[in-house]
Amino acid sequence: MAQKITGYTELIGLLAYPIRHSSSPAMQNEALSKLGLDYAYLAFEVDNDSLEDAIKGLRALKLKGANVSMPNKTVVHKYLDNLSPAAKLCGAVNTIVNDDGVLTGHITDGIGYMESLRDNQINIKGKKITVVGAGGAATAIQIQAALDGVKEISIFNIKDKFWDNAEETVRKINQNTDCTANLYDLADLSKLKAEIEDSYLFANATGMGMKPLEGQTYIPDKSFFRPDLIVTDVVYYPRETALLKMAKETGCKTMNGLGMMLFQGSAAFELWMGQPMPIEHMKKVLEI
Ligand code: NAD
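Scope of this entry: the structure provided in the associated data block. Just so it is clear, the model here is predicted, and its values are computed rather than measured.

**A closer look at the site of the ligand**
- In the neighbourhood of the ligand, 21 residues make up the surrounding shell, with Ala134, Ala137, Asn157, Asp160 and Gly257 lying closest.
- Contact distances for the ligand include 2.8 Å between an oxygen atom and a side-chain N or O atom of asparagine 157.
- Protein burial of the ligand: of its 860 Å² of free accessible surface, 73% is covered by the chains.
- When contributions to the shell around the ligand are tallied by element, the ones reaching two or more residues are helix H5 (136-147) and helix H9 (258-273).
- Each residue belonging to the shell around the ligand can be placed in one class, and the counts come to 13 nonpolar, seven polar and one charged.

**Quick notes on the pattern of salt bridges**
- For the structure shown, the criterion picks out 15 salt bridges.
- For the salt bridge of lysine 222 with glutamate 249, the shortest nitrogen-to-oxygen distance reads 3.3 Å. Residue lysine 222 is located in the loop between strand S10 (201-204) and strand S11 (230-233), and its partner glutamate 249 is located in helix H8 (residues 242-250); the two are separated by 27 residues in the primary sequence.
- Where glutamate 280 meets lysine 283, a salt bridge forms, and the shortest distance between an N and an O atom there is 3.6 Å. With glutamate 280 and lysine 283 both in helix H10 (residues 279-286) and three residues apart, this pair spans about one turn of that helix.

**Quick notes on the side chain of threonine 139**
- In this structure, threonine 139 sits in helix H5.
- Residue classification places threonine 139 among the buried positions, given a relative accessible area of 5%.
- Side-chain polar atoms of threonine 139 contact the backbone oxygen of glycine 135, separated by 2.7 Å.
- Once residues within four sequence positions are removed from consideration, threonine 139 is found in contact with Cys90, Ala134, Asn165 and Thr169.

Definitions and limits used
Residues numbered from 1 in each chain as written. Predicted model: local features only at pLDDT ≥ 70, side-chain atom pairs only at ≥ 80, totals over all residues. Heavy atoms only, no water. Near = heavy atom within 4 Å. Polar contact = N/O pair within 3.5 Å; in protein donor to acceptor, adjacent residues only side chain to side chain. Areas by Shrake-Rupley, 256 points an atom, 1.4 Å probe, with all protein chains shown as cover. Helix = DSSP H or I, 4+ residues; strand = E, 2+ residues; numbered from the N terminus. Nonpolar A, V, L, I, M, F, W, Y, C, P; charged D, E, K, R; others polar. Salt bridge = Lys/Arg side-chain N within 4 Å of Asp/Glu carboxyl O. Buried < 20%, exposed > 50% of the residue type's maximum accessible area, 1.4 Å probe, protein only. Contact = heavy atoms within 4.5 Å.

Here's what the structure looks like:
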């Protein structure tokens, strides 16, 4: 937040419902304050019913931009003027930038994941990866990885309501990028094992390992991993899921979802401010 709110202070919003629990206002205001930028970031309880009015308000009040979370991520594009290539492919927006009245929607979750890998000296360009998940986080990661030059993605998911979305993601990646994507049923454990064996990195992009599934993993045993495999999780509470614990015990390099959370926020911050968050300071604040 600005050190002192004045008549010049500008506003950035967060439009979602429920939203009071979010860590984004504290994170964004800390970064604004650290850099002495005259902006404030506030959360607004906005659902699908009030979203159109909220976007009109954003235009009328000339907000610098906004973050968007559930249930608005897959709906807000209707009220915007432009979409980034990743937002178009994902069918989701988590960041709006207001350029003199022209609203552009971006999705920074996938960028955040890729940046957190880079921050850990992990480069997946030209490599094969296996990702479990077909929801919002998984789609953003898979699309961004494909756009950033990953060679092949094996996607696994359970046959639930997200299965159609996984099929759609595979189709979009294969049609629009140089990456090859394939979809498999997570119930096929021998296929999962074979695909992980052939991969440079394995990623969990589901809520498995987090409440109410804390302490659980769909990986049956350590024979699915090898010491030179990289294993990542989007979950950051708890910091070490059952999956990451098993991977660490096998000798794998591991990464939880905290970095993705920081870097998706930093990517949004950079879209508004033209400069990234003070990353080292933010890591200390977030205890990364
Ligand atoms: P979502 O509801 O859109 O997707 C849920 C996914 O979990 C689907 O693929 C679904 O099939 C799968 N799933 C549900 N139950 C399962 C089970 N029993 N076994 C295997 N798979 C199961 O959710 P989302 O928004 O994609 O979030 C997923 C996770 O990612 C959450 O834990 C969320 O906190 C985390 N997340 C982290 C970040 C970050 O910055 N680190 C960002 C977004 C989401």
